[in-house]
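# Observations on chain architecture
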Amino acid sequence: MAKALDSVFKAELIDRRSRPTLTDVIVATSAWIGWYNNRRLHSALAHRPPKEVHQEWQTLQAYAA
């Protein structure tokens, strides 16, 4: 799973353009991670973002307790 994420990260962010400074890379990476976790639709999650699925799981755990 980590290699798949690394591949997506490189294809969607790193390989698309160059970044002049390390700070630019850090800022772009932070924005990409936020998008990936909060807004990107994942086919393995029924085309929902991970944040939505996680919140649903937390709600179910609260009811189960």
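Up top is the structure.
So, a few notes on the structure that sits alongside this text. (Residues numbered from 1 in each chain as written. Predicted model: local features only at pLDDT ≥ 70, side-chain atom pairs only at ≥ 80, totals over all residues. Heavy atoms only, no water.)

So, on to helix H2 (residues 22-38). In a regular helix each residue adds 1.5 Å, so 17 residues correspond to 24 Å; H2 covers 24 Å between its end C-alpha atoms and thus fits that length. Within H2 the residues assigned to the buried category are Ala28, Thr29, Trp32 and Tyr36. End-on, the buried residues of H2 take up no more than an arc of 105°, which puts them together on one face. Looking at H2, the residues exposed on the side facing more than 90 degrees away from the buried face are Thr23 and Val27. Elements that come into contact with the buried residues of H2 comprise helix H1 (2-14) and helix H3 (50-64). (Helix = DSSP H or I, 4+ residues; strand = E, 2+ residues; numbered from the N terminus. Expected span 1.5 Å × (residues − 1). Buried < 20%, exposed > 50% of the residue type's maximum accessible area, 1.4 Å probe, protein only. Arc of directions from axis to C-beta. Contact = heavy atoms within 4.5 Å.)

Below, the discussion takes up the nonpolar core. Phe9, Leu13, Ala28, Trp32 and Tyr36 together form the largest nonpolar core, which totals 5 residues. Sort the elements by how many residues they give to this core and H2 lands first, with 3 residues. Those residues in contact with alanine 28, other than ones at most four positions away along the chain, are Leu13 and Arg19. (Core = buried A, V, L, I, M, F, W, Y, C linked by side-chain atoms within 4.5 Å.)

Turning next to the packing of aromatic side chains. Scanning the model with the defined rule gives 3 aromatic pairs in all. Plain terms: the ring middles of tryptophan 32 and tryptophan 35 are 6.3 Å apart, the flat faces sit at 50° to each other, and that makes the pair tilted. With a gap of 3 residues between them, tryptophan 32 and tryptophan 35 both fall in helix H2, about one helical turn apart. For tryptophan 35, a relative accessible area of 28% translates into the label partly exposed. An aromatic cluster is built from Phe9, Trp32, Trp35 and Tyr36, whose rings are joined through pairwise contacts. (Phe/Tyr/Trp six-rings, centres within 6.5 Å; stacked < 30°, edge-to-face > 60°.)

Where charged atoms from two side chains of opposite charge approach closely, those side chains can pair. Counted according to the given criterion, the structure contains 4 salt bridges. Close ionic contact of arginine 48 with glutamate 52 constitutes a salt bridge, the shortest N to O distance being 3.7 Å. Arginine 48 sits in the partly exposed class, given a relative accessible area of 23%. For glutamate 56, the salt bridge goes to arginine 48, with nearest N and O atoms at 2.8 Å. The exposure class of glutamate 56 is partly exposed, given its relative accessible area of 38%. (Salt bridge = Lys/Arg side-chain N within 4 Å of Asp/Glu carboxyl O.)

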